[in-house]
Amino acid sequence: MLFVASPMHPLASLKGPIPARVLAQHRQLVLTDRSELSQGKRLWRFFGEHLRLADLGAKHAFLRAGLGWGGMPVA
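Quick caveat: nothing in here was measured; it's all calculated off a predicted structure.

A.B. asks: I keep staring at the environment of Leu 31 and nothing clicks. Help me out?
C.D. replies: Within the secondary structure layout, Leu 31 lies in strand β2 (residues 28-31). Considering only alpha carbons, one finds Leu 31 and Ala 54, 23 residues apart in sequence, at a separation of 5.7 Å.

Right under this line is the structure:
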């Protein structure tokens, strides 16, 4: 998992590790698991405001549009 933001997002201008208190000032985009396998389990760490998306393609589009930051799988 790699945490990313669009080059136009304010977080992209910061250098080095970004503290959780700074991340909490920006919307986190989170991919939801619609299966029953994760029901009742907390799989994500939320930092402040977050938006849940049910589709990886939608999350990618939101990230590219600069609407937040979030983790993306690394191949």
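A.B. asks: Just to check I follow, could you spell out the pattern of salt bridges for this structure?
C.D. replies: Close approach of charged atoms allows side chains of opposite charge to pair. Applying the stated rule across the entire model yields 1 salt bridge. The closest approach of N and O atoms between Glu 49 and Arg 27, which form a salt bridge, is 3.1 Å. Of this pair, Glu 49 sits in the loop between β2 and β3 (50-53) while Arg 27 sits in the loop between α1 (20-23) and β2; the two residues are 22 residues apart in sequence, bridging distant segments of the chain. Residue Glu 49 is classed as partly exposed on the basis of its relative accessible area, which comes to 47%. Exposure remark for Arg 27: the relative accessible area of 30% places this residue in the partly exposed category.

Criteria and thresholds
Residues numbered from 1 in each chain as written. Predicted model: local features only at pLDDT ≥ 70, side-chain atom pairs only at ≥ 80, totals over all residues. Heavy atoms only, no water. Helix = DSSP H or I, 4+ residues; strand = E, 2+ residues; numbered from the N terminus. Salt bridge = Lys/Arg side-chain N within 4 Å of Asp/Glu carboxyl O. Buried < 20%, exposed > 50% of the residue type's maximum accessible area, 1.4 Å probe, protein only.

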